[in-house]
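Listed below, chain by chain, are the residues.
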Amino acid sequence: MKIFFLILLILVVAAPVALWFWRQADHNADQAAMAKLAALQPASPERFDLSLLEGLPEPARRYFRYTIQPGTPLYTVARISMTGKFGMGNRDAPDYMDMQATQMLAMPEGFIWKMSASRGALRVSGSDTEQWTRFWLMGLLPVARMGGDPDHTRSAFGRYVAEAVFWTPAALLPGPGVAWQLVDVNTARVIVRHEGMEQAVDVVVAEDGQPLQVSFDRWSNANAEKVHRLQPFGGYLSEFREFEGFILPTRVEAGNFFATDDYFPFFIGEISNIEFPLSSVTGSSD
């Protein structure tokens, strides 16, 4: 009997310790992913000039003229600090949690979104990348571990191409793997191709070029059948501020089934800061 209780005691002690080490391994992976993406920042980027917009559809030219000031170094990697709300439910019962997060965005290579959220005593934290989704309950229990498959990679690609429209417009200037098309007088479509994947994103702009909304067909299983398929996704952009020569939104509302009766804005972000790591010109550093 004593041996039984000794074994039970060892298990009771060992399980939390093992989970703690597992959680620390996730933290280490998050930091490594952030450093890897930050290192993709161009060291001596070209500066923005209106000549780079030649041949683009008129709404796309408006978009770039608004979001990038002439002479701005064309940094393509951004670190975004945010607070806001993250919905864990659905349209009828959003179950919003207060959220804070840091994101490193390096389109077309990848992203990492490291977050924590709470509602009352409930705590959820973790990270999302093009490789994985890992969430923990109360910092102790793994409640979601997904990724490492083509469906996840394709879904994530759609997300961070669209987010480049928000926060790294320099990454969407025409070049290898990036093309623009006219949709209508106030809408342009950017098409990004990378490592066998392709994502089209529509950008609606105001008369002055301010991007108002972004929409696209996203590969997702956020539906009643839990089956991966293309379905509408998008959001609204507002409250623009200047960050080192870029004019970027500091409020983003986005969700599934955009522009339909089933639209659910599960993400409502308030951006506190955007910086461009390893920027030798502006003085930002990682």
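All of the points below concern the structure found in this document. The residue count restarts for each chain, going from 1 along the sequence in the order it is written. Residues qualify for local features only when their pLDDT is at least 70, as the model is predicted, and side-chain atom pairs are given and counted only at 80 or more; totals for whole chains, interfaces and linings, by contrast, use all residues. As a rule here, side-chain values come from all non-hydrogen atoms in the structure, and water together with hydrogens is ignored.

## Looking at the overall build of the chain
The criterion, for reference: Helix and strand assignments come from DSSP, with helices taken as H or I runs of at least 4 residues and strands as E runs of at least 2, each series counted from the N terminus. We compute the radius of gyration over the C-alpha atoms and compare it with the globule rule, which gives 2.2 Å times the number of residues raised to the power 0.38. For every residue, the accessible area obtained with a 1.4 Å probe (protein chains only) is divided by the maximum for its type, and the residue is called buried under 20%, exposed over 50%, and partly exposed between those limits. Residue contacts are counted whenever heavy atoms from the two residues lie within 4.5 Å of one another.
Scanning the chain from terminus to terminus reveals three helices and 13 strands. For 286 residues, the compact-globule formula gives about 19 Å, and the C-alpha radius of gyration of the chain, at 21 Å, lands near that figure. Counting only C-alpha atoms and orienting by the principal axes, one finds that the chain spans roughly 80 × 45 × 35 Å. Sorting the 286 residues of the chain into buried and exposed places 48% on the buried side. Long-range contacts, defined here as pairs at least 24 residues apart, represent 52% of the contacts in the chain between residues at least 6 apart.

## Overview of a nonpolar patch on the surface
Counted only if it meets this: Note that patches include only residues with greater than 30% relative accessible area and no salt bridge, and the join distances are 9 Å for like charges and 5 Å for nonpolar side chains (Val, Leu, Ile, Met, Phe, Trp, Tyr). Accessible surface is estimated by sampling points in the Shrake-Rupley manner with a 1.4 Å probe; for residues, cover comes only from the protein chains shown. Salt bridge criterion: a side-chain nitrogen from Lys or Arg within 4 Å of a carboxyl oxygen from Asp or Glu.
There is a patch of nonpolar side chains on the surface, built from Val17, Trp20 and Phe21 and spanning about 330 Å² of accessible area. Inspection of the secondary structure assignment puts valine 17 in helix H1 (residues 2-38). Looking at valine 17, the relative accessible area reads 42%, which means it is partly exposed.

## As for the side chain of histidine 152
Secondary-structure assignment places histidine 152 in helix H3 (residues 150-167). Ignoring anything within four residues of it in the chain, the contact list for histidine 152 reads Asp128, Thr129, Glu130, Gln131, Trp132, Thr133, Met146 and Gly147.

## Details of the nonpolar core
The cut-off we apply is this: Residues enter a nonpolar core if they are buried and are Ala, Val, Leu, Ile, Met, Phe, Trp, Tyr or Cys, with the set joined through side-chain atoms within 4.5 Å.
The biggest cluster of nonpolar side chains holds 65 residues, and the ones touching the most others in it are Phe64, Trp113, Trp167, Leu172 and Trp180. Among the elements that make up this core, the one with the highest residue count is H3 (nine residues). Residue contacts for tryptophan 113: discarding those within four places in its chain leaves Met82, Phe86, Met99, Ala101, Thr102, Gln103, Gly126, Ser127, Asp128, Phe135, Arg159 and Phe267. Membership of the second largest hydrophobic core comes to nine residues, among which are Leu37, Val77, Met104 and Trp132.

## Focus: the environment of serine 238
Secondary-structure assignment places serine 238 in strand E11 (residues 229-243). Residue serine 238 is classed as partly exposed on the basis of its relative accessible area, which comes to 25%. For the pair formed by serine 238 and serine 125, sequence separation is 113 residues and the distance between their alpha carbons is 27 Å. Ignoring sequence-local partners within four residues, the contact set of serine 238 consists of Pro249, Thr250 and Arg251.

## Let's talk about the pattern of salt bridges
Enumeration over the complete set of coordinates arrives at twelve salt bridges. With a shortest N-O distance of 2.9 Å, arginine 62 and glutamate 58 are connected by a salt bridge. Of this pair, arginine 62 and glutamate 58 are both found in helix H2 (residues 58-67), four residues apart, which corresponds to roughly one turn of the helix. Judged by its relative accessible area of 32%, glutamate 58 is partly exposed. Among the ionic pairs, lysine 85 bridges to aspartate 98, the shortest N-O distance being 3.1 Å. Placement of lysine 85 in strand E1 (residues 78-87) and of aspartate 98 in strand E2 (residues 96-106) is noted, with a sequence separation of 13 residues between them. Assessed through its relative accessible area of 36%, lysine 85 is described here as partly exposed.

## Re the packing of aromatic side chains
Quick reminder of the rule: Stacked, edge-to-face and tilted labels apply to pairs of Phe, Tyr and Trp rings (six-membered ring for Trp) whose centres lie within 6.5 Å, assigned for plane angles under 30 degrees, over 60, and everything in between, in that order. Put simply, a charge is over a ring when the Lys NZ or the Arg CZ is close to the ring centre, within 6 Å, and near the line of the ring normal, within 35 degrees.
In the structure shown here, the tally under the stated rule is 21 aromatic pairs. Aromatic pair tryptophan 113 and phenylalanine 267: ring centres 6.4 Å apart, planes at 70 degrees, arrangement edge-to-face. Placement of the pair is tryptophan 113 in strand E3 (residues 110-119) and phenylalanine 267 in strand E13 (residues 264-275), with a sequence separation of 154 residues. Here tryptophan 113 matches phenylalanine 267 in class, with each residue buried. Of the aromatic side chains, those joined through ring pairs into one cluster are Phe86, Tyr96, Trp113, Phe216, Phe233, Phe264, Phe266 and Phe267. Between the NZ or CZ atom of arginine 134 and the centre of the ring of tryptophan 132, over which it lies, the distance is 4.0 Å. The residue whose ring lies beneath arginine 154 is tryptophan 219, and the NZ or CZ to ring-centre distance is 3.9 Å.

## Description of the pairing of strand E9 (residues 197-205)
Along any regular strand, the residues point their side chains to alternate faces of the sheet. This is how it is decided: Paired strands, as defined in this entry, are two strands with at least two bridges between them according to DSSP.
Pairing analysis gives eight bridges linking strand E8 (residues 187-194) to E9, with the strands arranged antiparallel. Across the sheet, the residue bridging to arginine 193 is glutamate 198, located in E9. Turn length for the E8-E9 hairpin, with the two strands adjacent in sequence and antiparallel, is two residues, and the turn residue glutamate 195 shows positive phi of about 50 degrees. Of the strand pairs in this sheet, E9 and strand E10 (residues 211-220) are connected by four bridges, and their pairing is antiparallel.

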